[in-house]
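A closer look at the structure
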Amino acid sequence: MEDISAVKIPAFVSSDPALWFGMLESTFELAIPKPITDERTKYNYCVAHLSPDAAMAVRDVILSPGSTNPYSKLKEEVIARYGESKSQEIRRLLAGEKLGDRKPSELFRVMQRRSESHNVADSLLLELFLQQLPPNVQSILASIQPLTAQKASEVADRILEVTPAQVLKMPKK
């Protein structure tokens, strides 16, 4: 068993378990007096900080963790069972995230994250992103050549910063 002091584990991120594990592993690296590397210790911290829903999703793994690499196995199963499936991700990407109160760059990052494991062409991601912007912003962006999705999100942020909100209201159908 490693000689460790308590570490502050981040709250479980149910909408993005892979992100939570990234945060968790950074926390393990920062542990004082030395990084936490023992699989069993990492497993125990992880189990103690999963949300009840996530714990239920991997109940079988928690009740029978096995003796080799229990943390790695738990991590793999939490991400596989609790994260969005690939088909759910692609459906949400194609159905269209809505801009709402977010900055366009925030919307773009969400769409980019959803598309990253699907080999979505940049041109398709750009088109899906543009569809979620107000028509006047789309018009301005159409004049920029060449236009990448990243550049579109940055320019759209600037347009919305200087355009009064009432001008951006989407027309009612």
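Here is a short report on the structure shown in this document.

The rules behind the values
- Residues numbered from 1 in each chain as written.
- Predicted model: local features only at pLDDT ≥ 70, side-chain atom pairs only at ≥ 80, totals over all residues.
- Heavy atoms only, no water.
- Helix = DSSP H or I, 4+ residues; strand = E, 2+ residues; numbered from the N terminus.
- Buried < 20%, exposed > 50% of the residue type's maximum accessible area, 1.4 Å probe, protein only.
- Contact = heavy atoms within 4.5 Å.
- Polar contact = N/O pair within 3.5 Å; in protein donor to acceptor, adjacent residues only side chain to side chain.
- Phe/Tyr/Trp six-rings, centres within 6.5 Å; stacked < 30°, edge-to-face > 60°.
- Axes fitted to C-alpha atoms, helices over the stretch in contact; angles between N-to-C directions.
- Parallel < 35°, antiparallel > 145°, perpendicular 65-115°, else oblique.
- Left-handed = near helix turned anticlockwise from the far one by under 90°.
- Nonpolar A, V, L, I, M, F, W, Y, C, P; charged D, E, K, R; others polar.

Concerning unusual backbone geometry
With an omega of 15°, the peptide bond between isoleucine 32 and proline 33 qualifies as cis. Structurally, proline 33 is set in the loop between α1 (17-30) and α2 (39-49). Of note, the amide linkage connecting glutamine 145 to proline 146 takes the cis form, showing an omega dihedral of -10°. Following the sequence through the fold, proline 146 ends up in the loop between α9 (135-142) and α10 (149-162). Of note in this structure, asparagine 69 is not a glycine but carries a positive phi near 50°. Structurally, asparagine 69 can be placed in the loop between α4 (59-63) and α5 (70-82).

Re α2
When we look at burial in α2, the residues that qualify are Glu39, Thr41, Lys42, Tyr43, Tyr45 and Cys46. Buried positions along α2 lie against α1, α4 and α5. One side-chain oxygen of the residue at the start of α2 lies 3.2 Å from the amide nitrogen of arginine 40, identifying that residue as aspartate 38.

Quick word on the environment of asparagine 44
Inspection of the secondary structure assignment puts asparagine 44 in helix α2. Distance in space between the C-alpha atoms of asparagine 44 and proline 70 is 9.1 Å, their sequence separation being 26 residues.

Notes on the packing of aromatic side chains
Two descriptors summarise a pair of aromatic rings, namely the distance from one centre to the other and the angle between the planes of the rings. With the rule as written, the count across this model stands at 6 aromatic pairs. Judged by centre distance (5.0 Å) and plane angle (70°), the rings of tryptophan 20 and phenylalanine 21 are edge-to-face. Overall, the relative accessible area of 0% leaves tryptophan 20 in the buried class. On the basis of relative accessibility, which here comes to 0%, the residue phenylalanine 21 falls in the buried class.

Some words on the environment of serine 115
Tracing the sequence through the fold places serine 115 in helix α7 (residues 104-115). Considered as a pair, serine 115 and leucine 125 are 10 residues apart in the sequence and their alpha carbons are 7.7 Å apart.

Description of the packing of α9 against α10
Direction vectors running N to C along α9 and α10 enclose 130°, while the axes themselves pass 10 Å from each other. Between α9 and α10, the angle is such that the two are oblique. Our pair here, α9 against α10, has a crossing hand that is right-handed. Contacts from Val137, Ile140 and Leu141 in α9 reach Ala152, Val155, Ala156, Ile159 and Leu160 in α10. Taken together, the residues of the contact of α9 with α10 sort by class into 8 nonpolar, no polar and no charged.

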